[in-house]
Every structure is written in C-alpha cells, then in structure tokens.
Amino acid sequence: MRHRYLAPVLALVLTATVATPAAAHDRPGVLPTLRHNLVAAYDFEHPVPGDPAQERDQGRSGTNITLINGGAAMRVADNAHRGSGNAIQLQQVNPATTGNDDWKAGVYSETGVPTLRAFNAVKGATVMGWFKMTGQNPSPNSNTENPADQYGAIGLAGVLSGNSQGHDVRALLELITVNGELRVVALGRRVDGGSSQTFAASEPWQSVLPLNEWVFLAATFDYDDTTMKLYKNGHPLDGFYTLTGDPWAVEGAPEPDLTSATDPRGIKIGGSYPQNTRENNPCNCRMDDLMFLDRAAAPIEIWAQYKLATRG
C-alpha cells in the first residue's frame, strides 16, 4: 500500500473495536482489511464444545485444530497483548526418549484438508502471530543417540503443501539453520514437490525472540513476484534469500504464478508432523493469536494489526 492508504488504515485501527462482529472472522481484534482473507485463526480462548483438546477456528474456514499430546492443559493464562487471556504452551516433553509426546498443535489429512481450499492455487499467503520463547531452544534431538545433538530448527507455524508428509510446507514461519547459524525465516514452496525458497532475517534470532518476551511476528509470501518478507512488532526485518535463480519455477507462461492446485494437508504449530507420527523441531514456547491469510498482507497492514493489538 502507498502513503495514500495510510489514513484509511489508521482510521480502521481506531474503529475496529466499535462494532459487534457479524461472524467469527469479523471479530474486532482483526484489522478490517484483513478479515476477508483470514482463512484460519486461533486465539486459544475457544475450546471445541465437548472436546477441550481441540481449538475452534476463528477464521472463515472452520478448520479446528488439535492440541496434541497436552490437550486442554496446553492452554495457559498469559497475556500476549492487552486483549488476550490465554495462550498455548508448546514444549519438548522427554528430550532423551524417542517418542511422540511433544506438545504441538495442528491438523493433518493425507488427502488434503478441504476447509483449507483457500490456499489451493493461490497467489499469496501470510502467517502471523504472537510468540514467546519459554525454555531451551533449539531442543535436544530425541531422534538420535547422541545426547549432545540438537535439532537444526525450531517450529513455529505454517501451512503444509498439498503432498506433505507432515513436514513440507507451502508457507512457514520458523527458525532454521542457515549457513551454520539459526535464524528466523519465512520459508515458502509454490509447487508441491518442488524447491522451497527461504528468506532469513539478518538479526540474530535471540534478538528477534528474546527469552520470556512476547513478540509479534509475520511472514508474507507472494508466489507470483517471488518475494517474501518478515516483520517484528509491525516493522520489516532486514534479511536475505538463501537461493538464487528460479527456485519457485515462475519463469515463463502461464501468468500469474500460483501455488499448486491442491488442498494443503494441514497446519502445523510448534513442530512438524501434526499427525503425530514423529517428533521434529519442537518449540519450547508459547503462541497466541495465530492467523493464516490467503494473500500477502501489505506492510502497512502488518503494522496496523500490531498497533490494533497493543494500543492503550
């Protein structure tokens, strides 16, 4: 958005909490310009009636997620911002034991999740939310025999690809090892089974995500112009792409360039494999107000969403 859009967006921030929402995805805690594209959202204030181990989607798709291994105990009283009450606790449970007991969340279907069809043949995506590191990260690698081994990544939140085994993604906000250093990244894949591209923050990850401090992070993905961006507390993070050339295979016809025409196999939160078949890349952290959009939000919208949550 250009400067001429600044005043209207600011006005929306000031009025966003006035009206009573007509639908779940119209809730006042979401910037009005983002509501139409809010495919899935989780504030961890809405357990599914009769099943507190599931969280009800506050976006338009109705994609409920499971609080894996910890169930209702994963909802904890913590205030990511002035309007929040609960957050979700993610964590590694038994570092020295190979198993499937890490606390994570998500949804998975090998045939694709139909309610996530908005990410089928889409031009862009956004993943954003509040994150707070609460323990050791990265975690000891419970899949190896060497107790000194650590995972090379820390899972935050993302949308899986259409042929994912629970790890591969279409749009992901995560920490991974880049050139020997752990960094906050946006990682995207346009074509199922094709190459991913990574945009890594230049700032050390411990500075982006200090221990015991709530931080608002966002990652945007434009699959047509091949750009990704990262934001902290509403402001862009400097960074760099890890691959040159055309990893998303956008050169040539047809136009525009969209993601594969497949339904994502799910959403993963706090680690890989939301079907709970394997432990990988756990996050000892808390998360709140996770939002998944089917377009790349503009910089002014990311800033305005942060200001909407934090204004006094």
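Relevant structure appears above.
By convention here, each chain's residues receive numbers from 1 onward along its written sequence. Totals for whole chains, interfaces and linings use every residue, but because this is a predicted model, local features are given only for residues with pLDDT of at least 70 and side-chain atom pairs only at 80 or more, for both listing and counting. Only heavy atoms go into the side-chain values, all of them from the structure, while hydrogens and water stay out.

Novice: Pulling in residues and values, what's your account of the sheet that holds strand β9 (residues 153-160)?
Specialist: At least two bridges found by DSSP between two strands are what make those strands a pair. The helix count covers DSSP runs of H or I at least four residues long, the strand count covers runs of E at least two residues long, and both are numbered beginning at the N terminus. Spatial strand order, β2-β3-β4-β7-β17-β9-β10-β11-β12-β16: 10 strands in an open sheet with antiparallel pairing. In this open sheet, the two strands that pair with only one neighbour each are β2 (47-48) and β16 (239-241). For β9 and strand β10 (residues 169-178), the ladder comprises 7 bridges, and the chain directions are antiparallel. Following the sheet pairing, isoleucine 154 is matched in β10 by leucine 175.

Novice: Before we move on, can you summarise the pattern of salt bridges with the specific residues and values?
Specialist: Salt bridge criterion: a side-chain nitrogen from Lys or Arg within 4 Å of a carboxyl oxygen from Asp or Glu. Inspection of every chain in the model, using the stated rule, returns 9 salt bridges. Ionic pairing is found between glutamate 55 and arginine 75, a salt bridge with its closest N-O pair at 2.9 Å. A residue pair is termed long-range when its members are at least 10 positions apart, and glutamate 55 in strand β3 (residues 51-55) and arginine 75 in strand β5 (residues 75-77) qualify at 20 residues. By relative accessible area, which is 15% here, arginine 75 ends up buried. One salt bridge connects glutamate 181 with arginine 183, and the closest N-O pair in it is separated by 3.5 Å. Only protein chains enter the accessibility calculation, which uses a 1.4 Å probe; a residue whose area is less than 20% of its type maximum is buried, one above 50% is exposed, and one in between is partly exposed. With a relative accessible area of 45%, glutamate 181 lands in the partly exposed category. What makes arginine 183 buried here is its relative accessible area of 13%. Among the charged side chains, a network of salt bridges with common partners joins Asp78, Lys132 and Arg286.

These figures capture arrangement, not role.
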